[in-house]
Amino acid sequence: MSNQSTSVMSKPEPTKVASVKSMRIALKLIANDAASLAQAANGANGSLHTNNNAFAAIKPCSLAETLGATAIPLEIDVSSLDGTSNTATNLNMSFRDYLAQAIERIEQQQTVLLSHPALPYRLLMMPAIVAAKHRCHPHAYLTGMGEGHELSDAVQQALTQAKRAHVSPTQIDATHCTSYKDKFFELIQLIGHLATRSLPTTNDSKNNSTNKQYWFSEMHQSRVASFNFIEAEMQHAVVFVQGTELAQASSLLDNTRLFFPISASTVSGIQQQLTQLQSQLNAIINTNTSAAINVNHSTLLALMLNNLNQFDHQAGKAAVIMGNSIETACSEIETMLAMLSTSDTLASSPSEVEYKTPSGSCLILTANEPLGTNGLCFVYPGVGTVYPQMFSQLPRFFPDLYAQLERDGDVKAMLQADSIYADNAKVTDMSLGELAIAGVGASYILTKVLSEYFNVKPNFAMGYSMGEAAMWASLGIWKQPHSMIEATQTSTIFTTDISGRLDCVRQAWQLNQSDDIVWNSFVVRATPADIEAVLTQYPRCYLAIIQGDTCVLAGCEASCKALLKQIGKRGIAANRVTAMHTAPAMLIHREVAQFYQQALHHNEQLEQTAQIKFISAASSQPINVSSLDIATSIADTFCQPLNFTELVNNARKLGAKLFVEIGADRQTTTLIDKIARTSPTVSEPCQAIAVNAKGGDDQTALLKCIAQLISHKAPVSLTCLTQGLANLLASTLKFEVNNLQADATLAPQLEGEQS
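Trainee: Would you mind going over the overall build of the chain with me for this structure?
Mentor: Across its full length, the chain holds 31 helices and 22 strands. Out of the 755 residues belonging to the chain, those deemed buried represent 57%. Contacts spanning at least 24 positions in sequence make up 77% of the contacts within the chain whose residues lie at least 6 apart. Here the chain has roughly 32,100 Å² of accessible surface; of this, 49% comes from carbon and sulfur atoms.

Trainee: Can you walk me through the side chain of Ser-263 in this structure?
Mentor: Position of Ser-263 relative to the elements: it lies in strand β9 (residues 258-264). At 3.1 Å, the side chain of Ser-263 forms a polar contact with the backbone nitrogen of Asp-312. Residues contacting Ser-263, with those up to four places away along its chain left out, are Ile-270, Gln-273, Phe-311, Asp-312, Ala-315, Lys-317 and Ala-318.

Trainee: Can you walk me through the sheet that holds strand β14 (residues 460-463) in this structure?
Mentor: Through backbone hydrogen bonds, the strands of a sheet pair up, either in parallel or in antiparallel fashion. Taking strand neighbours across the sheet as the criterion, the five strands line up as β19-β14-β13-β21-β22 in an open arrangement whose pairing is parallel. Either end of the sheet is taken by a strand with one partner, and the two such strands are β19 (613-615) and β22 (687-690). The average angle at which neighbouring strand axes cross in this sheet is 25°, direction not considered. Alignment of strand β21 (residues 658-661) against β22, held across four bridges, turns out to be parallel. The residue bridging Leu-658 from the neighbouring strand is Gln-687, located in β22. Against the sheet, helix α28 (residues 644-654) touches β14, β19 and β21, its axis set at about 175° to β14.

Trainee: Please clarify how the nonpolar core should be interpreted in this entry.
Mentor: Membership of the largest hydrophobic core comes to 162 residues, with the highest contact counts inside it found for Phe-259, Met-390, Phe-454, Met-462, Tyr-596, Phe-659 and Leu-709. Among the elements that take part in this core, helix α18 (residues 432-453) stands out by supplying 11 residues, more than any other. If you look at the next biggest cluster of nonpolar residues, it comprises 40 residues, including Ile-25, Leu-74, Leu-119 and Met-145.

Trainee: Explain the sheet that holds strand β20 (residues 642-643) here, please?
Mentor: Strand order across the open sheet formed by five strands is β18-β15-β17-β16-β20, with mixed pairing between neighbours. Of all strands in the sheet, those with a lone pairing partner are β18 (571-573) and β20, marking the two edges. The pairing of strand β15 (residues 519-524) with strand β17 (residues 550-556) spans six bridges and is antiparallel. Among the inter-strand pairings, Asn-520 is bridged to a residue of β17, identified as Gly-555.

Trainee: How should unusual backbone geometry be read in this particular structure?
Mentor: Working note: non-glycine residues mostly have negative phi, and peptide bonds are mostly trans. Positive phi, close to 55°, is recorded for Asn-455, a residue that is not glycine. Looking at the secondary structure, you find Asn-455 in the loop between α18 and β14. Here Asn-455 falls in the partly exposed class, since its relative accessible area comes to 44%. Of note, the phi angle at His-581 is positive, near 65°, even though the residue is not glycine. Along the polypeptide, His-581 turns up in the loop between β18 and α25 (589-595).

Trainee: I tried to follow the pairing of strand β8 (residues 234-242) on my own but got confused; where do I start?
Mentor: Within a regular strand, side chains alternate between the sheet's two faces. The buried fraction of β8 amounts to nine of the nine residues, a majority that puts the element mostly inside the structure. Going residue by residue along β8, you find Met-234, His-236, Val-238, Phe-240 and Gln-242 tucked away on one face and Gln-235, Ala-237, Val-239 and Val-241 tucked away on the opposite face as well. Relative to β8, strand β5 (residues 140-148) runs antiparallel, the two sharing eight bridges. From the neighbouring strand, Gly-146 faces β8, where its bridge partner is Ala-237. Bridge count between strand β7 (residues 224-231) and β8: eight bridges; the pairing is antiparallel. Directly across from Phe-229, in β8, lies its bridge partner His-236.

Trainee: What am I meant to see in the environment of Ile-615 here?
Mentor: Of note, Ile-615 is situated in strand β19. The exposure class of Ile-615 is buried, given its relative accessible area of 0%. Note: C-alpha distance between Ile-615 and Ser-633 (18 residues apart in sequence) is 9.6 Å. The residues contacting Ile-615, other than those within four sequence positions of it, are Phe-460, Ala-461, Met-462, Gly-463, Met-471, Leu-647, Asn-650, Ala-651 and Leu-654.

Trainee: When you look at the environment of Gln-416 in this model, what are you seeing that I'm missing?
Mentor: Position of Gln-416 among the secondary structure elements: in the loop between α16 (411-414) and α17 (417-420). For the pair Gln-416 and Ala-436, spaced 20 residues apart in the sequence, the C-alpha separation amounts to 9.7 Å. Beyond its immediate stretch of four places on either side in the chain, Gln-416 contacts Met-430, Glu-434, Ile-437, Ala-438 and Gln-489.

Trainee: Just checking my understanding: could you explain helix α6 (residues 95-106) for this structure?
Mentor: One full turn of an α-helix is made of 3.6 residues, so residues set three or four places apart face in the same direction. With 12 residues, α6 extends 17 Å from end C-alpha to end C-alpha; this agrees with the ideal 16 Å at 1.5 Å per step. Burial runs high along α6: 10 of the 12 residues are buried. For α6, every residue scored as buried is listed here: Phe-95, Arg-96, Asp-97, Tyr-98, Leu-99, Ala-100, Gln-101, Ala-102, Ile-103 and Ile-106.

Trainee: Even after reading the chapter, I still don't get the pattern of salt bridges, so can you show me in this structure?
Mentor: Within the structure shown, the criterion is met by 12 salt bridges. When the shortest N-O distance is used, the salt bridge between Arg-96 and Glu-147 registers 3.6 Å. In this pair, Arg-96 is assigned in helix α6 and Glu-147 in strand β5, connecting sequence segments 51 residues apart. A relative accessible area of 10% means that Arg-96 is categorised as buried. Here Glu-369 makes a salt bridge to Lys-657, at a shortest N to O gap of 3.3 Å. One end of the pair, Glu-369, is in the loop between β12 (362-365) and α13 (371-374); the other, Lys-657, is in the loop between α28 and β21, with 288 residues separating them in the sequence. Look at Lys-657 and you get buried, because its relative accessible area is 19%.

Trainee: Looking at this model, I keep getting lost on the packing of aromatic side chains. Mind explaining?
Mentor: Any aromatic ring pair is given by two values, namely how distant the centres are and how the planes are angled relative to each other. Enumeration over the complete set of coordinates arrives at 19 aromatic pairs. Arranged with centres 5.6 Å apart and planes meeting at 70°, the rings of Phe-494 and Phe-595 form a pair that is edge-to-face. Separated by 101 residues along the polypeptide, Phe-494 in helix α21 (residues 492-497) and Phe-595 in helix α25 bring together distant segments of the chain. Note on Phe-494: relative accessible area 4%, which makes it buried. Three or more aromatic residues joined by ring pairs make a cluster, and in this case those are Phe-95, Tyr-98, Tyr-180, Phe-184, Phe-227, Phe-229 and Phe-240.

Trainee: Mind showing me how you'd approach the side chain of Thr-637 here?
Mentor: Here Thr-637 lies in helix α27 (residues 627-639). Residue contacts for Thr-637: discarding those within four places in its chain leaves Ser-465, Glu-468, His-581, Ser-616, Ala-617, Ala-618 and Leu-642.

Trainee: Help me out: how do you make sense of the packing of α18 against helix α19 (residues 467-474) in this one?
Mentor: In a packed pair of helices, the relevant descriptors are the angle between the two axes and the axis-to-axis distance. Two numbers describe how α18 lies on α19: the axes approach to 9 Å, and their chain directions differ by 40°. Between α18 and α19, the crossing angle belongs to the class labelled oblique. Classified by chirality, the crossing of α19 by α18 is right-handed. Here Val-440, Ser-443, Tyr-444 and Thr-447 of α18 come into contact with α19, specifically with Ala-470, Ala-473 and Ser-474. Here the residues of the contact of α18 with α19 are counted per class, giving four nonpolar, three polar and no charged.

Cut-offs applied
- Residues numbered from 1 in each chain as written.
- Predicted model: local features only at pLDDT ≥ 70, side-chain atom pairs only at ≥ 80, totals over all residues.
- Heavy atoms only, no water.
- Helix = DSSP H or I, 4+ residues; strand = E, 2+ residues; numbered from the N terminus.
- Buried < 20%, exposed > 50% of the residue type's maximum accessible area, 1.4 Å probe, protein only.
- Contact = heavy atoms within 4.5 Å.
- Areas by Shrake-Rupley, 256 points an atom, 1.4 Å probe, with all protein chains shown as cover.
- Polar contact = N/O pair within 3.5 Å; in protein donor to acceptor, adjacent residues only side chain to side chain.
- Pairing = 2+ DSSP bridges.
- Axes fitted to C-alpha atoms, helices over the stretch in contact; angles between N-to-C directions.
- Core = buried A, V, L, I, M, F, W, Y, C linked by side-chain atoms within 4.5 Å.
- Expected span 1.5 Å × (residues − 1).
- Salt bridge = Lys/Arg side-chain N within 4 Å of Asp/Glu carboxyl O.
- Phe/Tyr/Trp six-rings, centres within 6.5 Å; stacked < 30°, edge-to-face > 60°.
- Parallel < 35°, antiparallel > 145°, perpendicular 65-115°, else oblique.
- Left-handed = near helix turned anticlockwise from the far one by under 90°.
- Nonpolar A, V, L, I, M, F, W, Y, C, P; charged D, E, K, R; others polar.

Nothing here speaks to function; it is all geometry.
Dropping the structure here:
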């Protein structure tokens, strides 16, 4: 832009201003179109990539561009600040001096544009009141500055100036940076992190991974960072606080995650659509000189976007092609076409076809009503399914959701972030209450993703064990589910009654507090009859759960091992202390019911879930949506032995056909498939799918779930995919145009060098 071509100060004098006084300074990142993207890709120390998560999510803002066009430009004199000049006059200016000069002008109610010509973003700075007047939402606020011989003194001075002396800010160490370019890069990257709510790490400048950890904050508290650097043998600290501008959601789809839904009224129509898609993909490869290596990304993204927009939800048959490259997608199409050509699906009476690949491609053909039409059932898993770093990728795809969750309650507590996202996290170190809270939090988030972003509405819902509580919390029945987090952490139900010192068990076994209890539970491949035949001989053993071809035996560890030895079975120890689903738990049935008797949403909110039949392990009929009935149902399920096999079969009898596990990992998905295959009482077809899977990435697992929902003809909105892809396509086109311009400029120079 024209205001970047010259500096307003040819011979700047260093200023002594180092205070932001009583005002907050609003900061906004603006794309630097004047900078070559080829230059930008090299970045600070060769580390900045134009697709870096901290930058790719910055939304274009025409209002900020307008304000930037009239701002005072403080373009950096690269020769003086990046060590290429030895002139004393130029060396007087420093990073701190430029900030101070910017602040001095801002305190005069002026707007300043700070930049470096080799970096892809400029920093628009203005009084917060000016930003508010123009309704320009900032990415961050600068609220305090400090300096001293010791870093701690500089930080405390800056925090005091920012009126946040009580806060422990995230420390951003830029003391290793010697040039202005490096410092400015670290600064704009920090602001990008504040906008994306992604936690800065010590190796940020060398890490281009998009798998950033979410920057959790205390409830209703803004994120605060101290930006630390050294100049003139003095330690400097600048305090930044998150702004009101939220990052743009990253696209779930890109050139490494391809997703092509196919729709037609007949099998031959599906074949034609697949063949056409294959030709279009091959055409993209053939137009590139280096085959798939240099595929024009915008062409591929445009094809995918057009395909999504043309998908017909009303067509009778649907398939989805997924792959991590054009070659993979073409291979997936080839194998699907081969399957169709060799099967009897083209006959007058087509057979049942269920086709899925590890890449996520799927095709379901059936002569019956598709499973997802009226039989969609959300299944909520029980305690113990959470795992370290779960859902670490989701915030960048659904930033608005996480922002809303922060407004509603304590997201950090809801996901037990201090345990789940800690370095070397071990869920085995978490208490029963902590596991329960994190499990409900995981289910709550995934429910919001499916229902609010993909408009997936279940016909049925049920829970495995404590998953029943997660069901009511997640589906908008309870008015204040967040309020139960602290109660779960402190209630004796979870801390001492059926876990910890096991007071219920002590009472049932007539033990003193000083008596030791060695409690464990074992998963054993056995029938209930195998265990019940000898169970009376072991009064301190309990058949806690029946689940398909396995059971869970709980109680005194020595007694359980003796029972297993007697029936000739080998048990897998869970090594978790919980007396749920055992006779001692019945001693606190009333307390559990009181704990879960929660206020319900108003009738208008409940009307949105009126189509859902809520199924409990404690009843053969759906549960009435009343506070007392819900609490009683949860207490019955919590305290009595759990027959999950019976629960699944009862749900199928009531009409559930397509079970979608809504939680961390896939605990119930495998169980439901096994139960469905072996059930002698229910013959209706059914299938279970998961939204998440431990060991894989959240993005792919979610897309695979959406693909299967589409193929089963469950109502699914694709708007979330098309919006994200449209944004990515726009930025990709801009990137490619700038690259072409850079290449056109560079080519004559290279020719001159070669001649």
